[in-house]
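Given next are the chains, with one letter for each unit.
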Amino acid sequence: MDATYFKSFCLLCYQDNEDGYTQLIRFSDGEHFEEIKEDLDNLIRLGIRLESITTDGQKGILKAIKTSAPDLIVQRCLVHIQRMALIWLTKYPKHVSGQQLRRLVLMLLNIKSHNDRIYWVRSLGEWYGQHREYLNERSVNIQTGRYWYTHKLIRRSYFTIKRALPNMFHYLNNPKIPPTTNGIEGFFSHLKNHLDLHRGLTPRHRVDFIKWYVFLSNKK
C-alpha cells in the first residue's frame, strides 16, 4: 500500500502485488490512522486474505496495521529507507562515519539471501560500535543550557534503519512479499502521466478520472 499526493487531495491505494489488481482506493487529505484502519477492516470484512503489507512505514499506517491486523507481516519498503537515508547523509558526507554508512545504505537493494542479510546487519552493527561516541556527541547552548546531538542527520539515518530492521527482510522468507513499493509507485506514475494529458479537469472530474482509470486497469 502507498499514497500519492495531488494538488487538492491524497490518493491511498491498496494493491495486490502478484497481479497489480487494486483492491481499494481512498481519496483523502492525508494518510490518517482512522481512515487506514477503516480500510484494512473493510478489506478483511470483504474476505480478502492479507498475507503481508509492504509499506513506507508512515506512523499512521503502522499503527493501523497493528490495530486491525496485529499478526500481519509488515515489510518495510527498502527503497524508501534507502532514499531517506541518502538524503540525510548527502551525496558527499564529510566525515568517515557518513561515508561508510552511505556505502552500507547503497548495498540495501542487493541483499538477495540470508547470507547477504547476515553480512549486512553485522556490518551495520560494527559501524555503530566504531562510531557510537561520534554519534552521541552533543552541542550545548551556554546561555540556555539546551543541548542537541551534533551529528543529528547521521544519527537519524542510522536510527531510522535500526527501528525498521525487524521488518526489512521478510521478503527473504517468502518470495511473494515485495521488498519495495516500486510496483504501486509505477502505477501512480502511469496514472499521473495520463492525468497530465487532461490538465483542465476540475478536482471533481480528476477524482472521477482516477476512479475510471483504476476500474479499467483492473479489468485488464
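Right above here is the structure, for reference.
So, a few notes on the structure that sits alongside this text. For every chain, the first residue of the written sequence is number 1, and numbering continues from 1 along that sequence. Thresholds applied to this predicted model are a pLDDT of at least 70 for local features of residues and 80 or more for the giving and counting of side-chain atom pairs; totals over whole chains, interfaces and linings are not thresholded and use all residues. By convention in this description, side-chain values take in all heavy atoms of the structure and omit both hydrogens and water.

**Some words on the sheet that holds strand 1 (residues 2–5)**
Link 1 in the chain: Read across the open sheet, the 3 strands follow the order 1-2-3; overall the sheet is antiparallel. Because the sheet does not close on itself, it has two edges, and the strands there are strand 1 and strand 3 (22–28). Taking the axes of each pair of neighbouring strands and ignoring which way they run, one obtains an average angle of 20 degrees across the sheet.
Link 2 in the chain: At least two DSSP bridges between two strands are required for those strands to pair. Put simply, DSSP marks the helices as runs of H or I at least four residues long and the strands as runs of E at least two long, and each gets a number from the N terminus on. Looking at chain direction, strand 1 and strand 2 (residues 10–15) are connected through 4 bridges and run antiparallel. Bridge pairing links Asp2 to Cys13 in strand 2.
Link 3 in the chain: Contact between two residues is taken to exist if any of their heavy atoms lie within 4.5 Å; hydrogens are not considered. Helix axes are fitted to C-alpha atoms over the stretch in contact, other axes to C-alpha atoms as well, and angles between N-to-C directions run from 0 to 180 degrees. Lying over the sheet, helix 1 (residues 33–45) contacts strand 2 and strand 3, oriented at roughly 155 degrees with respect to strand 3.

**Describing the layout of surface pockets**
Link 1 in the chain: Every definition here rests on a 1 Å grid over the protein atoms only: cavities are sets of points where a 1.4 Å probe fits but cannot get out, pockets are open sets enclosed by protein on both sides within 12 Å along at least five of seven lines, and lining residues have some atom within 4 Å of a point. Grid points are joined across faces, edges and corners, and a volume is the space filled by probe spheres set on the points. Roughly 800 Å³ of volume is contained in the largest pocket.
Link 2 in the chain: Around the largest pocket sit 33 residues that line it, and Gln15, Asp16, Asn17, Glu18 and Ser52 are the ones nearest its centre.
Link 3 in the chain: Residue assignment for the lining of the largest pocket shows that the elements contributing at least two residues are strand 2, helix 1, strand 4 (52–55), helix 7 (182–196) and helix 8 (203–219).
Link 4 in the chain: It is helix 7 that contributes the most residues to the lining of the largest pocket, 4 residues altogether.
Link 5 in the chain: Nonpolar residues are Ala, Val, Leu, Ile, Met, Phe, Trp, Tyr, Cys and Pro. Charged residues are Asp, Glu, Lys and Arg, and all others, Gly as well, are polar. Across the lining of the largest pocket, the residue classes tally to 13 nonpolar, 13 polar and 7 charged.
Link 6 in the chain: Lining the second largest pocket are 19 residues; nearest its centre among them are Gly57, Gln58, Lys59, Leu62 and Arg76.
Link 7 in the chain: Contributing elements (two or more residues each) for the lining of the second largest pocket: helix 2 (59–68), strand 5 (73–76), helix 3 (78–89) and helix 6 (152–164).
Link 8 in the chain: Split by residue class, the lining of the second largest pocket holds 9 nonpolar, 5 polar and 5 charged.

**Some details on unusual backbone geometry**
Link 1 in the chain: Backbone geometry at Thr90 places phi at a positive 70 degrees, although glycine is not the residue there.
Link 2 in the chain: You can see Thr90 is positioned in the loop between helix 3 and helix 4 (96–106).
Link 3 in the chain: Here Thr90 falls in the partly exposed class, since its relative accessible area comes to 37%. The cut-offs for exposure are 20% and 50% of the maximum accessible area for each residue type, with area from a 1.4 Å probe on protein chains only; residues under the lower value are buried, those over the upper are exposed, and the others partly exposed.

**Quick word on the pairing of strand 4**
Link 1 in the chain: Where strand 4 meets strand 5, 4 bridges bridge the pair, whose relative direction is parallel. Across the sheet, the residue bridging to Thr55 is Arg76, located in strand 5.
Link 2 in the chain: We call a crossover right-handed when, viewed with the strands running away from us, the connection from the first strand over the helix to the second turns clockwise. Following the backbone out of strand 4, through helix 2 and into the adjacent parallel strand 5, one traces a crossover that is right-handed.

**Observations concerning the pattern of salt bridges**
Link 1 in the chain: Every case where a carboxyl oxygen of Asp or Glu lies within 4 Å of a side-chain nitrogen of Lys or Arg is listed as a salt bridge. Using the criterion set out here, one finds 6 salt bridges in the structure.
Link 2 in the chain: Glu18 serves as the salt-bridge partner of Lys176, at 3.8 Å between the closest nitrogen and oxygen. Of the two residues, Lys176 is situated in the loop between helix 6 and helix 7 and Glu18 in the loop between strand 2 and strand 3; the sequence distance between them amounts to 158 residues.
Link 3 in the chain: A residue is classified by how much of its surface remains accessible, and Lys176, at 48% relative accessible area, is partly exposed.
Link 4 in the chain: A relative accessible area of 57% places Glu18 in the exposed class.
Link 5 in the chain: The salt bridge partner of Arg26 is Asp39, with a shortest N-O separation of 2.8 Å. Placement of the pair is Arg26 in strand 3 and Asp39 in helix 1, with a sequence separation of 13 residues. Across the pair, exposure class does not vary: Arg26 and Asp39 are buried alike.
Link 6 in the chain: Several salt bridges converge on common partners, so that one network encompasses Arg26, Glu38 and Asp39.

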